[in-house]
Amino acid sequence: MNLTPLSDLIIVRPDQAVTKVGLIELAPSSQEEAKTGIVLATGPGRLRDNGKFEPMMVKPGQRVLYSEFAKEKFKLNGETLFTMHDDDVLGVVE
């Protein structure tokens, strides 16, 4: 199933959470959810008052860093994904 975000929304596949540090396996309560992920899809951009779209700052395939509270979690085909606004991305990880 294809999912195309609207407006300035992006869809991100989060990176895996850290479950081990060296040889030590972390307890579930101490595992942090990843705050980075790969952009899977972007909307056309935010529609401005002049009727033109503001270009998106990120592109599909880029790894991004995002705010912990800026995302909405959902499942698609059994996979956990996030949707967030383009301006909720804090930076591109290279």
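Our subject is the structure that appears above.
In short, a report on the structure. All figures in this text were calculated on a predicted structure; none of them were measured in a lab. Residue numbers restart at each chain and count upward from 1, following the sequence in its written direction. Local features in a predicted model are, by the rule used here, given only for residues with pLDDT of at least 70; side-chain atom pairs are given and counted only at 80 or more, and totals for whole chains, interfaces and linings are based on all residues. Only hydrogens and water are removed before side-chain values are computed, so all heavy atoms of the structure are retained for them.

Now for the packing of aromatic side chains. Paired rings are identified among Phe, Tyr and Trp, the last through its six-membered ring, by centres lying within 6.5 Å, and are further divided according to the angle between planes into stacked (under 30 degrees), edge-to-face (over 60) and tilted (the rest). Under the counting rule described, the total for this entry stands at 1 aromatic pair. A centroid spacing of 5.9 Å and a plane angle of 80° characterise the contact between Tyr66 and Phe82, whose relative ring orientation is edge-to-face. In this pair, Tyr66 is assigned in strand β7 (residues 63-66) and Phe82 in strand β9 (residues 79-85), connecting sequence segments 16 residues apart. Think of it in three bands: with a 1.4 Å probe and only protein chains considered, a residue is buried below 20% of the maximum accessible area for its type, exposed above 50%, and partly exposed in between. Take Phe82: its relative accessible area is 1%, and that puts it in the buried class. The rule for a charge over a ring is simple: NZ of Lys or CZ of Arg within 6 Å of the ring centre, and within 35 degrees of the ring normal. In this structure, Lys71 is placed above the aromatic ring of Phe82, and the distance from its NZ or CZ to the ring centre is 5.2 Å. Secondary structure counts use DSSP, requiring at least four H or I residues in a row for a helix and at least two E residues in a row for a strand, with both numbered from the N terminus.

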